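# Tertiary structure, described
Residue-level listing of the chains:
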Amino acid sequence: MASLENRTGYFNIIFYFGGQRFVRSLKTRDEKEASELRERLERRQRLVEIGDLAIPEGTDVPTFFLSDGKLTNKPFA
C-alpha cells in the first residue's frame, strides 16, 4: 500500500516494493490527482505481484508504476 505526503505543497508518494522503499514527487498540489496516481500505482503493483505484468530489468520502479508500465526510466526534462 502506498501513502501520500505533502510537506512542501507538492505531494510525494511513498511505497515499498521488493523490500525497498521508494519516494517520488507526484508534481501536483491537487489532492484528488495525487490520490488517483496512488491508485494507479497500487493497481500496477498488484498486477506485478500476481504475475500479469513484468518489470523489465534495469527499470526505474516508480517511473514504471506511475506510467502504467509504459516507461522504464525517467524521461529527460
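Scroll up for the structure.
Residues numbered from 1 in each chain as written. Predicted model: local features only at pLDDT ≥ 70, side-chain atom pairs only at ≥ 80, totals over all residues. Heavy atoms only, no water.

## Quick notes on the pairing of strand β1 (residues 3-6)
Where β1 lies against strand β2 (residues 11-17), four bridges are found, and the strand directions are antiparallel. Bridge pairing links E5 to N12 in β2. What sits between the antiparallel neighbours β1 and β2 is a turn of four residues, in which G9 has the positive phi angle 100°. (Pairing = 2+ DSSP bridges. Helix = DSSP H or I, 4+ residues; strand = E, 2+ residues; numbered from the N terminus.)

## Looking at the environment of D30
Among the structural elements, D30 can be located in the loop between β3 (20-25) and α1 (31-50). Residue classification places D30 among the partly exposed positions, given a relative accessible area of 40%. Taking C-alpha positions, D30 is 17 Å from I14, a pair spaced 16 residues apart along the chain. Of note is the side chain of D30, whose polar atom sits 3.0 Å from the backbone nitrogen of K32. (Buried < 20%, exposed > 50% of the residue type's maximum accessible area, 1.4 Å probe, protein only. Polar contact = N/O pair within 3.5 Å; in protein donor to acceptor, adjacent residues only side chain to side chain.)

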